[in-house]
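# Structure at a glance
One letter stands for each residue in the lines below.
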Amino acid sequence: MTRKNRRNVWLAVLIAAFMAIAGTAGAAAATGGTVAVDAKVINGEVYVKASSLVSQIGGTGSYNASTKKYTYSPDSVIPDVIKKVSPSVVAIIGKPTDVNSGNRFALAHGTGVIVKSDGWIVTNAHVVKDMDRIVVVTADGKEFSGTRKQIDVTSDLALVKINATGLKVATLAPSPLKVQVGETVIAIGTPVSFSLRNTATVGVISGMNRSISSDYNLLQTDAAINPGNSGGPLVNLKGEVVGINSMKFVDVDIDSMGFAIPADTVQYVLNHFYKYGMVKRPALGVELEESWSAVVGLPTEEPMTVIAVSPGNAAKAGIKVGDQLYSVNGKQVATHVELNELLKAYLPGQTVNVTLLSNGDLVTKQLVLTESQAH
């Protein structure tokens, strides 16, 4: 290969650095933060094929033989993601049941995400729990009457059904959810006013495994989430829904601190909705008290203490008030949220091993899980 042809066909890996400087870091993040392409080593230098790199991270590039310059134009990643996901986002409006029916302007609204093309929409439970005459508006402005089908207050998730077909379904990020602090995310929803539907805001994942008056872990983000965003998607740069935003877990006076229900919890609840019509949530059959350290948010491995035992399986297993719970099926749990996350892998009626400190002895007991009454 001649030097000229080599220059035309293979471009030094420095182009990758140029593209990052030009603003393509977001594109790389959209593919998981790294890209892998074929490369060659020529005279000690690493060269990659420009077309291969462009195909991996998007954008367009061209080589000018006369100027010996390679010009690269990055994709507009965030606008493209918003354009891709917005057709799967709906606005929801209705009349709260506790408001005087004579006031036609007394309405509540939120957001939803299409999860089945024949009109199934996931949203927050608190959005539709007390809502009458639900109206759903799709991104193209079409209106549909909505019916509340399933609701799970514990997870703050619900399913609404509209009579429609051929809807664009959102893509939920696969389980287990893989996100990292600092990753760019986009919130799409209907903040403050119903006229502002399909508003997009951009931020990052600010924290993971958060619990703010919640039964399960939450994602924390600084993307603006306002009243009305509830039930809308938090999306990564692949266009995958990594969470369902919820205003239930934040005060409206707090800035740059929003929370979303992670996609794996959303999928857990949806799977139960589809299969059982409700969440069949297992429970140990005991009431547990967290340690002082856990309550104030300090890192801790201190066990939870049994403060009440329900008649039934837990009592039959010999669990007593004052016992301290260390682990379930070999996995240590120190908080209610950790226990709830662990129990997502089980159903009522299944048997688990619980390890407790009882009367000064560390013992393991077999316990048949009961069904939680929280829905």
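Before reading on, note that the structure itself is shown above.
This write-up is about the structure you can find in this document. Model, not experiment: these values are computed from the prediction.

Here we take up the overall build of the chain. Within the chain, the regular secondary structure consists of nine helices and 26 strands. Expressed as a percentage of the 375 residues in the chain, the buried residues total 45%. In the chain, the share of contacts with a sequence separation of at least 24, taken over all contacts with a separation of at least 6, comes to 59%.

Counted by the stated rule, this structure contains one aromatic pair. Both rings, one in Tyr216 and one in Tyr268, keep their centres 6.4 Å apart while their planes meet at 65 degrees; by these two values the pair is edge-to-face. Here Tyr216, found in the loop between β14 (199-210) and β15 (218-221), pairs with Tyr268, found in helix α6 (residues 263-276); they are 52 residues apart in sequence, far enough to count as distant. For Tyr268, a relative accessible area of 9% translates into the label buried. Just above the ring of Tyr274 sits the side chain of Lys116; from NZ or CZ to the centre is 3.9 Å. Just above the ring of Tyr276 sits the side chain of Lys280; from NZ or CZ to the centre is 5.6 Å.

Each regular strand displays side chains that alternate between the two surfaces of the sheet. Taken together, the eight bridges between strand β24 (residues 351-358) and strand β25 (residues 361-368) define a ladder with antiparallel strand orientation. Among the inter-strand pairings, Thr355 is bridged to a residue of β25, identified as Thr364. Between β24 and β25, which pair antiparallel and follow one another directly, the connecting turn spans two residues, one of which, Asn359, has a positive phi of 55 degrees.

A word on a nonpolar patch on the surface. Among the surface-exposed residues, Trp292, Val295, Val296 and Leu298 lie close enough to one another that they form a single nonpolar patch of about 450 Å² accessible area. Take Trp292: it is sitting in helix α7 (residues 292-296). Residue classification places Trp292 among the exposed residues on the basis of a relative accessible area of 62%.

Pairing of strand β9 (residues 131-137) with strand β10 (residues 143-152), which is carried by three bridges, proceeds in the antiparallel orientation. Bridge pairing in β10 links Val135 to Ser145. Between the end of β9 and the start of β10, which pair antiparallel, lie five residues, with Gly141 showing a positive phi angle near 90 degrees. Once β10 ends, the chain turns through four residues before running back antiparallel as strand β11 (residues 157-162), passing Asp156 with a positive phi of about 65 degrees.

Another point: the sheet that holds strand β8 (residues 120-123). The antiparallel closed barrel is built from six strands, whose spatial order is β6-β7-β8-β11-β10-β9. Across this sheet, the average inter-strand angle for adjacent strands is 40 degrees, counted without regard to direction. Most of the contacts of α6 go to β11, to which it runs at about 55 degrees, and overall it touches β7 (108-116), β8, β10 and β11.

Moving on, we come to the pattern of salt bridges. By the definition in use, this model includes four salt bridges. As a salt-bridge pair, Lys129 and Asp130 come within 3.8 Å of each other at their nearest N and O atoms. Residue class for Asp130 comes out partly exposed when judged on its relative accessible area of 43%. When the shortest N-O distance is used, the salt bridge between Arg281 and Asp152 registers 2.7 Å. Placement of the pair is Arg281 in the loop between α6 and β19 (282-283) and Asp152 in strand β10, with a sequence separation of 129 residues. A residue is classified by how much of its surface remains accessible, and Asp152, at 0% relative accessible area, is buried.

This brings us to the nonpolar core. One finds Val122, Leu157, Leu159, Ile244, Val266 and Leu270 to be the most contacted residues of the largest nonpolar core, which totals 20 residues. Broken down by secondary-structure element, the contributors of at least two residues to this core are β7, β8, β11, β17 (240-245), β18 (258-262) and α6. Top element by residues in this core is α6. It accounts for five residues. Beyond its immediate stretch of four places on either side in the chain, Leu157 contacts Val122, Thr123, Asn124, Ala125, Ile151, Asp152, Ile244, Ile261, Thr265, Val266, Val269 and Phe273.

Let us look at the environment of Ser145. By secondary structure assignment, the location of Ser145 is in strand β10. Sequence separation between Ser145 and Ile134 is eleven residues, and the spatial gap between their C-alpha atoms is 6.0 Å. Contact partners of Ser145, with chain neighbours within four places excluded, come to Ile134, Lys161, Ile162 and Asn163.

This brings us to the side chain of Asn236. Tracing the sequence through the fold places Asn236 in the loop between β16 (233-235) and β17. According to the relative accessible area criterion, Asn236 is buried, its value standing at 6%. One polar contact links the side chain of Asn236 to the main-chain amide nitrogen of Lys238, over a distance of 3.0 Å. Setting aside residues no more than four positions away along its own chain, Asn236 makes contact with Val81, Glu183, Thr184, Val185 and Val242.

Criteria and cut-off values
Residues numbered from 1 in each chain as written. Predicted model: local features only at pLDDT ≥ 70, side-chain atom pairs only at ≥ 80, totals over all residues. Heavy atoms only, no water. Helix = DSSP H or I, 4+ residues; strand = E, 2+ residues; numbered from the N terminus. Buried < 20%, exposed > 50% of the residue type's maximum accessible area, 1.4 Å probe, protein only. Contact = heavy atoms within 4.5 Å. Phe/Tyr/Trp six-rings, centres within 6.5 Å; stacked < 30°, edge-to-face > 60°. Lys NZ or Arg CZ within 6 Å of the ring centre and 35° of its normal. Pairing = 2+ DSSP bridges. Patch = residues over 30% accessible without salt bridge, like charges linked within 9 Å, V, L, I, M, F, W, Y side chains within 5 Å. Areas by Shrake-Rupley, 256 points an atom, 1.4 Å probe, with all protein chains shown as cover. Salt bridge = Lys/Arg side-chain N within 4 Å of Asp/Glu carboxyl O. Axes fitted to C-alpha atoms, helices over the stretch in contact; angles between N-to-C directions. Core = buried A, V, L, I, M, F, W, Y, C linked by side-chain atoms within 4.5 Å. Polar contact = N/O pair within 3.5 Å; in protein donor to acceptor, adjacent residues only side chain to side chain.

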